[in-house]
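Listed below are the residues making up each chain.
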Amino acid sequence: MMMQEKNADLSRLPMLAMEYIPTPNENAKKIVALVKEQGRISGYELEDGQILNKEEAVALAKQDGIRGVGVATRNGSEYLKSLPDESDGNNLGNLPSMTPDEM
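Residues numbered from 1 in each chain as written. Predicted model: local features only at pLDDT ≥ 70, side-chain atom pairs only at ≥ 80, totals over all residues. Heavy atoms only, no water.

> Where do I start with the overall build of the chain in this structure?
Broken down by element type, the chain carries 3 helices and 6 strands. Counting all 103 residues of the chain, 26% fall into the buried class. The long-range fraction of contacts in the chain, counting pairs at least 24 apart against all pairs at least 6 apart in sequence, stands at 47%. With an accessible surface of roughly 7000 Å², the chain has 48% of that area assigned to carbon and sulfur atoms. (Helix = DSSP H or I, 4+ residues; strand = E, 2+ residues; numbered from the N terminus. Buried < 20%, exposed > 50% of the residue type's maximum accessible area, 1.4 Å probe, protein only. Contact = heavy atoms within 4.5 Å. Areas by Shrake-Rupley, 256 points an atom, 1.4 Å probe, with all protein chains shown as cover.)

> Quick question: what am I supposed to make of the pairing of strand β1 (residues 31-37) here?
Residues in a regular strand point their side chains to alternate faces of the sheet. Bridge analysis of β1 against strand β2 (residues 40-46) gives 6 bridges, and the strand direction is antiparallel. By the bridge assignment for β2, Glu37 is matched with Arg40. From the end of β1 to the start of β2, which pair antiparallel, there are 2 residues, and Gln38 there has a positive phi angle of about 50°. Pairing of β1 with strand β6 (residues 97-98) involves 2 bridges; the strand directions are parallel. (Pairing = 2+ DSSP bridges.)

> Can you walk me through the sheet that holds β1 in this structure?
Judged by pairing direction, the sheet is mixed, and its 4 strands sit side by side in the order β3-β2-β1-β6 without closing on themselves. Unpaired on one side and paired on the other, β3 (51-53) and β6 mark the two borders of the sheet. Docked against the sheet, helix α3 (residues 54-62) engages β2 and β3, running at close to 100° with respect to β3. (Axes fitted to C-alpha atoms, helices over the stretch in contact; angles between N-to-C directions.)

> What's the story with the pattern of salt bridges in this structure? I'm lost.
Between side chains of opposite charge, a pair can form when the charged atoms approach closely. By the definition in use, this model includes 2 salt bridges. Here Glu78 ties to Lys62 by a salt bridge, and the two come within 2.6 Å at their closest N and O atoms. Of this pair, Glu78 sits in strand β5 (residues 77-82) while Lys62 sits in helix α3, placing them 16 residues apart in sequence. For Glu78, a relative accessible area of 30% translates into the label partly exposed. According to the relative accessible area criterion, Lys62 is partly exposed, its value standing at 35%. One salt-bridge network, held together by shared partners, links Glu19, Lys62 and Glu78. (Salt bridge = Lys/Arg side-chain N within 4 Å of Asp/Glu carboxyl O.)

> Just to check I follow, could you spell out α3 for this structure?
Side chains that are three or four residues apart share a direction in an α-helix, a result of its 3.6 residues per turn. Buried within α3 we find Ala57, Val58 and Ala61. In a view along the axis of α3, the buried residues occupy a sector of 100°, so they form one face of it. For α3, the secondary structure elements touched by its buried residues are β2, β3, β4 (69-74) and β5. At the N-terminal end of α3, a side-chain oxygen is found 3.0 Å from the backbone nitrogen of Glu55, two or three residues along, and the residue is Asn53. (Arc of directions from axis to C-beta. Polar contact = N/O pair within 3.5 Å; in protein donor to acceptor, adjacent residues only side chain to side chain.)

> For this particular structure, what's the right way to read unusual backbone geometry?
Note: most peptide bonds trans; most residues except glycine with negative phi. Notably, Asp64 is not glycine yet its phi reads approximately 65°, a positive angle. Structurally, Asp64 can be placed in the loop between α3 and β4. Residue Asn75 is not a glycine yet carries a positive backbone phi of 50°. Secondary-structure assignment places Asn75 in the loop between β4 and β5. The exposure class of Asn75 is exposed, given its relative accessible area of 78%.

Following this line, the structure appears as structure tokens:
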């Protein structure tokens, strides 16, 4: 019984690490690709083709305009993080990526 309770608590850790968990509005978009510069995420492509830089995407997520992500902070910088669900295929790290040259 103790082990099950402990595992249940651990499964909540990804959610607890987030500063903001949006409740997506009806017009919220999904992220379909990452924009990377020198291996680091610099932006996101939304399902409607719109490309946002990291700051714009964080702002839109805080306005409940992006599905499937929360906002977390690392070293004082805000960034988007996939919300845990039953599928790994929709995690940000598993999405296709492009460089600014390819846009």
